[in-house]
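# Commentary on secondary and tertiary structure
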Amino acid sequence: MFHARLPQQLLASLAARPATVALTGAGISAESGIPTFRDAQTGLWARYRPQQLASPEAFERDPCLVWRWYQWRRRIIAAVEPNAGHRALAEMEKALDSFCVITQNVDGLHRRAGSRNVIHLHGDLWGNRCQRCAALSAHEDNTTMRPPHCARCGGLMRPAVVWFGEPLPASALSAAAERIACAELVLVIGTSGQVYPAAALAEQAIAQGSMVAELNPARTPLSAKVRWRLELRAAEALPRLAAPLRRPSAR
Ligand code: OAD
């Protein structure tokens, strides 16, 4: 069912404080000024070929090119702020006993907005990982034009994100599947639902009978299957969903 306004049933369900999971994608960060991946005009993949920049083969071929592209993205992201959508999810975490964010985003904006219970399915732009020995390190400098060397083995460090052709971190994926298995309500926010296995988590929620609401101005393959479809921007809809939870006893 399509809703331009917030559906009363969804508000009533939230008021009962169900076990809730927010499954987020690039759309939630769009209003912070970060381009999504697949939007026709502005999406990152409309301008850059993923396999040229976000794959182990690309890094092997030209590590400096790949590193510079990620440094460019890091500088853009460091200069923006979390938006009202991110902040509303952080508020929901405080108000609901069982709440977590499962995100495909690597931008760290959920954390900066105050969310603590966040599962990163596609890794974290603010960490690096050795391409040879997998040692992890915090990312420190957004200006260097060459990938640093690993302090342990001397191999090249790369952003600690998931690239095309790579598996998702097993611990994140299993933690996400467990949270979905227990979720009574799932908010699917700002994702085109085209990238698996992340997209399968929303399908799992529908199949097991959880209440699922999709927040996205555009239709996705999930739209026809969800209980509520909110054709609204995340930064517009989420504060309105979180507001009724803001009461003295919830703090
Ligand atoms: P996409 O770029 O595929 O989809 C973004 C979705 O956000 C689209 O459905 C838009 O309609 C929607 N959207 C745009 N603005 C919005 C707003 N203000 N509020 C709500 N929704 C909005 O991004 P993802 O689905 O996140 O993977 O892409 C999944 C993965 O594909 C990414 O994590 C990345 C990419 O390849 C890796 O890098 C591993």
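Below, the structure is looked at part by part. (Residues numbered from 1 in each chain as written. Predicted model: local features only at pLDDT ≥ 70, side-chain atom pairs only at ≥ 80, totals over all residues. Heavy atoms only, no water.)

### Topic: the site of the ligand
Surveying the vicinity of the ligand reveals 24 residues, the closest of which are Glu31, Phe37, Arg38, Thr191 and Ser192. A distance of 2.7 Å separates an oxygen atom of the ligand from a polar atom in the backbone of Phe37. One of the side-chain nitrogen or oxygen atoms of His122 is found 2.8 Å away from an oxygen atom of the ligand. Expressed as a share of its isolated accessible area of 800 Å², the protein-covered part of the ligand is 91%. A breakdown of the residues in the shell around the ligand according to their chemical character gives 11 nonpolar, nine polar and four charged. (Near = heavy atom within 4 Å. Polar contact = N/O pair within 3.5 Å; in protein donor to acceptor, adjacent residues only side chain to side chain. Areas by Shrake-Rupley, 256 points an atom, 1.4 Å probe, with all protein chains shown as cover. Nonpolar A, V, L, I, M, F, W, Y, C, P; charged D, E, K, R; others polar.)

### Side note on the pattern of salt bridges
Here the structure, examined in full by the defined rule, presents eight salt bridges. With its nearest N and O atoms 3.8 Å apart, the salt bridge here joins Glu81 to Arg112. In this pair, Glu81 is assigned in the loop between helix 6 (63–78) and helix 7 (84–95) and Arg112 in helix 8 (residues 109–113), connecting sequence segments 31 residues apart. What makes Arg112 partly exposed here is its relative accessible area of 40%. Arg158 is the partner of Glu166 in a salt bridge, and the nearest nitrogen-oxygen pair spans 2.7 Å. By the burial criterion, Glu166 is buried, and Arg158 matches it. Counted as one network, the salt bridges with shared partners bring together Glu31, Arg233 and Glu236. (Salt bridge = Lys/Arg side-chain N within 4 Å of Asp/Glu carboxyl O. Helix = DSSP H or I, 4+ residues; strand = E, 2+ residues; numbered from the N terminus. Buried < 20%, exposed > 50% of the residue type's maximum accessible area, 1.4 Å probe, protein only.)

### Quick word on helix 11 (residues 234–242)
Side chains that are three or four residues apart share a direction in an α-helix, a result of its 3.6 residues per turn. Buried within helix 11 we find Ala234, Ala235, Ala237, Leu238, Leu241 and Ala242. End-on, the buried residues of helix 11 take up no more than an arc of 165 degrees, which puts them together on one face. Where helix 11 is buried, its residues touch helix 1 (8–15), helix 2 (27–30), helix 7, strand 8 (185–189), strand 9 (211–215) and strand 10 (228–230). (Arc of directions from axis to C-beta. Contact = heavy atoms within 4.5 Å.)

### Considerations on the nonpolar core
Nonpolar side chains in soluble globular proteins generally cluster together in the buried interior. Leu89, Met92, Ile189, Leu215, Leu230, Leu238 and Leu241 are the most contacted members of the largest nonpolar core, which has 28 residues in total. Here this core takes five residues from helix 11, the largest share from any one element. Once you skip the residues sitting within four places of it in the chain, Ile189 turns out to touch Ala22, Leu23, Thr24, Gly25, Ile28, Leu89, Leu215, Ala234 and Leu238. By size, the runner-up hydrophobic cluster in this structure holds 20 residues, among which are Leu121, Leu168, Ile180 and Ala183. (Core = buried A, V, L, I, M, F, W, Y, C linked by side-chain atoms within 4.5 Å.)

These values are about where atoms sit, not about what they do.
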